[in-house]
Structure formats: structure tokens, C-alpha cells
Amino acid sequence: MQDTTKQSLLSVVLPAYNEEASVPRAAQVICSLLAEANIRHEIIFIDDGSKDGTWAAIQAQTARHPQVRGVRFSRNFGKEAAIFAGLAQGRGDCVVVLDCDLQHPPEKIVEMYRLWEQGYQVVEGVKVSRGKESPLHTLAAKTFYSLISNATGIDMSRASDFKLLDRRAVDTLLAMREKNAFFRALSSWIGFSTAQVEFEVQPRLEGASKWSLRSLIRYALVNLTSFSAAPLQLITLLGLVVFVCSVGLGLWSLWEKLSGQALEGFTTVILLQLIIGSVLMICLGIIGYYVARIYEEIKDRPRYIVADLCEDKTNDGQAETDL
Ligand code: UDP
Ligand code: MG
């Protein structure tokens, strides 16, 4: 699999959204770490439509380190889109994805790379702990992961976006045409020989987390529905439950009528109306959600739009011959 005559190239993909403070540190730390480990590498920052000076920071790093490149989105497309743009841009024999805030410890890249050299095609970073979070966040994350683990049949409770993928795996992911690709689940779903590396989520040194409660709920809903049709089957189950209740209540009402106590049934009628009405609305909502997903996919819009690219021009020829 690896080229023995020439040293393999590792692409490091870092999605960055409003990370002007983290970009220089990430470039510095990763460059010196990989140089020390004697791993030929390139670093690709994806500026996901940041509103601060992230793009300027990336350009400064490009001028400083010849192996750093930058891609700028025309607006914020989200982390998944940024990861896929990085995979598409990477020229390496393997690609590693990690957070720009370095909450994924970069030292582990070397460990992952060595496993790749041994022949593993997917090396997953798994969280030993979730780092410092509010209890509400942990509970919400647990619920989401147990739902998605059930839906995918893959244990996702400790999964993260910190992964190293072989060129084969990267090309497989890039060939998938779905727009709402959920990277951390898809990269397990594709299979290939997989190894795991455990890591502790590090505290964020610069800036704040980019997730609001609203964006997290949206993220959970989008990814759950793009990976599983279980909520649609839930509708059938709900229908069955309501049907069984209706049969019971129907028999009971009949009995009341036959025994001459029929007038008392008003509360039951109102309750039944409310229950059936709300169940129907919930079901329509779920179906609507999937119709919206289909609508989005069918429009076939690109996952992201690149507004700008930057790389060290003086090194262009060198980079090309290197490949
Ligand atoms: N990120 C991104 N686009 C977004 C939100 C986040 O590219 O819309 C990047 C962000 O810059 C960081 C990574 O995704 O490198 C993880 O984001 P964050 O640290 O905010 O999430 P958390 O670590 O709290 O899960
Ligand atoms: Mg983070």
C-alpha cells in the first residue's frame, strides 16, 4: 500500500471557525511535532466562513510554513462541510482530521500514523472522557449517541471527529454523494481495517466553543435523520399503540352504551381527540422532516462553496514535484 521509494505524505485537516487565536498555535505545534517525528506532511486549514481574523491568520501561517495551505468558504457551512473540503484538498497518502482548538491532542497523530504504517486504513480517536462540560450537555450528548448508536449499529458513545484515514477510505468517503454526510458515523460505516487510539479531550485554550444549544439540536436532528429511518418506523409503532387503546376504549364505550350509562363519556371523547390529534401531528412532523431531507438532497447543491485558496507560491513547484 505504501510507496517504499518515496516517503509517504500525511495531510492534516483542521476545520476552523472563528479561531484566529488557535490557528498560529495549531500550525506551530503540529509542524514541529511532525518534523520531529520525521513525517512528511502538509497542513490544510479550512476557514469555515469565520467572522474574525482567521483567514489572515491562516495566510500568515502559509507564508511562514511552506507546507501550510488554506481554503476559505464563502460563508459558514458547518464543520462537516469543512472536514469534507479538507479531505478533497488533501494530497496525502493518508489524511488526519482534528479540531483546530487542539482539544484533540496532536501528539496522538504520530501514534495514529504509525498504526497506519502497520497497515490499518482507518485509525479512530476514541474519547476516554468527554473533558469539561456542563451536566446538561453531557446528558444531551449521551441521549443523542445512544439514539445514533442504535440507528447505525456502531457504538458511537466515545466516537469523535479525530481520525486518520487511508487514501482508499478518503476516496470512498468522497465518492458518497449524500449532502448531509455525518463524518464520524460514515467513517466507521465504510469499514476497512480499523484501529483505535484513546485520547483525553483537552481543555480549550483559546476562544469559546462554537456550538450553541440550537446548533447542537439541529446537528443531532440532521445527523440522526440522515443516518436512520427509525423515527419513521416509530410512527407505525405509535399508530399501533393508539389502535390498541382505541379498541379497548371502543369496547368500554359499547359496554357503557349497552348498560345504559352512555352519557358519561364526554371526557373520554375529548381526551381521545387530543391524543389522536397530537400523535398525528407529531407523525406528520417526522414525515415532514424526512421530506425536507429528501428535498435538500435532490436539489444537489454543493456541500460548500470555496471562495479562496492560499498556499505558499514560492513553494508551488516544489510541492508538485514532491508528489
Ligand atoms: N468548527 C467549524 N465550523 C463550525 C463550528 C465549528 O469548522 O461551524 C470547528 C471549530 O473551529 C473547531 C472544531 O470545529 O476546530 C470544533 O468546534 P468547537 O471546539 O467549537 O466544538 P467542541 O470542541 O466544543 O465540540
Ligand atoms: Mg473544541
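For the structure itself, look to the data block above.
What counts, and at which threshold
Note that residues are indexed from 1 along each chain, following the sequence as it is written. Following the order in which they are written, the chains are lettered starting with A and the ligands numbered starting with 1. Totals for whole chains, interfaces and linings use all residues, but because this is a predicted model, local features are given only for residues with pLDDT of at least 70 and pairs of side-chain atoms are given and counted only at 80 or more. Working from all heavy atoms in the structure, the side-chain values ignore hydrogens and water. Secondary structure follows DSSP: runs of H or I at least 4 residues long count as helices, runs of E at least 2 residues long count as strands, and numbering of each begins at the N terminus. Each radius of gyration reported is based on C-alpha atoms, and the globular scaling rule is 2.2 Å times the count of residues to the power 0.38. Each residue gets one of three labels from its accessible area relative to the maximum for its type: buried under 20%, exposed over 50%, partly exposed in between, using a 1.4 Å probe on protein chains only. Contacts were defined at the residue level, with two residues in contact if any of their heavy atoms lie within 4.5 Å. All accessible-area figures derive from a Shrake-Rupley calculation using a 1.4 Å probe, and residue coverage is judged against the displayed protein chains alone. The convention is simple: Lys and Arg are positive, Asp and Glu are negative, and His and the chain ends are not counted. For charged residues, the charge sits on one atom: NZ in Lys, CZ in Arg, CG in Asp, CD in Glu. Here the coordinating atoms are restricted to nitrogen, oxygen and sulfur within 2.8 Å of the metal centre, or 3.2 Å for Na, K and Ca, and because water is not among them the sites may look incomplete. A carboxyl oxygen of Asp or Glu within 4 Å of a side-chain nitrogen of Lys or Arg is what we treat as a salt bridge. In these notes, residues near a molecule or strand are those with any non-hydrogen atom within 4 Å of it. Definition of a polar contact: a pair of N or O atoms within 3.5 Å, with one able to donate and the other able to accept a hydrogen when the atoms are protein atoms, and with sequence-neighbouring residues admitted only if both atoms are side-chain atoms. Under the scheme applied, nonpolar residues are Ala, Val, Leu, Ile, Met, Phe, Trp, Tyr, Cys and Pro; charged residues are Asp, Glu, Lys and Arg; polar residues are all the others, including Gly. All axes here are fitted lines through C-alpha atoms, helices being fitted over the stretch that makes contact, and every angle between N-to-C directions spans 0 to 180 degrees. Under this scheme an angle from 65 to 115 degrees is roughly perpendicular, one under 35 degrees roughly parallel, and one over 145 degrees roughly antiparallel; angles in between are oblique. Note: crossing handedness is left-handed where the near helix turns anticlockwise from the far helix by less than a right angle, and right-handed where it turns clockwise. Directions drawn from the helix axis to the C-beta atoms are what define this arc.

Kindly report on the overall build of the protein chain, identifying the contributing residues and their values.
Assigned secondary structure in the protein chain consists of 11 helices and 8 strands. Since a compact globule built from 323 residues should have a radius of gyration of about 20 Å, the 25 Å found for the protein chain marks it as more spread out than a globular shape. Overall, the C-alpha framework of the protein chain stretches about 95 × 40 × 40 Å when taken along its three principal axes. Sorting the 323 residues of the protein chain into buried and exposed places 42% on the buried side. For the protein chain, the proportion of contacts with a sequence separation of at least 24, taken over those separated by at least 6, is 83%. For the protein chain, the accessible surface area stands at approximately 17,300 Å², while carbon and sulfur atoms represent 61% of it. Put simply, the protein chain has 33 plus and 36 minus side-chain charges, and the middle of one group is 4 Å from the middle of the other.

Lay out the coordination of the magnesium ion (ligand 2) in plain terms, naming residues and giving numbers.
Every protein donor of the magnesium ion (ligand 2) is accounted for by D101 (OD) and Q103 (OE1), and the metal-donor separations fall at 1.8 to 1.9 Å. Pair check on accessibility: D101 and Q103 agree, each one buried.

A description of the pattern of salt bridges should follow, citing residues and the corresponding values.
A full pass over the atoms with the stated rule returns 12 salt bridges. Between R72 and D308 there is a salt bridge, and its shortest N-O distance comes to 3.7 Å. Placement of the pair is R72 in strand β3 (residues 68-73) and D308 in strand β8 (residues 306-311), with a sequence separation of 236 residues. According to the relative accessible area criterion, R72 is partly exposed, its value standing at 30%.

Describe the site of ligand 1, naming the residues involved and giving the relevant values.
With respect to spatial proximity, 16 residues lie near ligand 1, and among them E19, D48, D101, S209 and K210 are the closest. Taking P15, its main chain carries an N or O atom lying 2.8 Å from an oxygen atom of ligand 1. In this structure, an oxygen atom belonging to ligand 1 sits 3.2 Å away from a side-chain N or O atom of N76. Protein chains shield 86% of the accessible area of ligand 1, which is 530 Å² for the free molecule. The residue inventory of the shell around ligand 1, partitioned by class, reads 5 nonpolar, 4 polar and 7 charged.

How would you sum up the packing of helix α1 (residues 22-36) against helix α2 (residues 54-64)? Please name residues and give values.
Their axes nearest at 9 Å, the elements α1 and α2 cross at an angle of 25°. Considering the angle they form, α1 stands roughly parallel to α2. Between α1 and α2 the crossing geometry is right-handed. Across from V23, P24, A27 and Q28 in α1, the residues of α2 making contact are T54, A57, I58, Q61 and R64.

Tell me about unusual backbone geometry, residues and numbers included.
With a phi angle near 60°, N38 is a residue other than glycine that sits in the positive phi range. Note that N38 resides in the loop between α1 and β2 (41-47). Backbone geometry places L102, a non-glycine residue, at a positive phi of 60°. Mapped onto the elements, L102 comes out in the loop between β4 (94-97) and α4 (107-117).

Explain helix α6 (residues 167-175) to me, using residue names and the numbers behind them.
Looking only at α6, the buried set comprises A169, V170 and L173. The buried side chains of α6 occupy one side of the element, clustering within an arc of 100° when seen end-on. Those residues of α6 that are exposed and aimed more than 90 degrees away from the buried face are R168 and A175. Elements in contact with the buried residues of α6: α3 (79-89), β4, β5 (122-127), β6 (159-166) and α7 (183-189).

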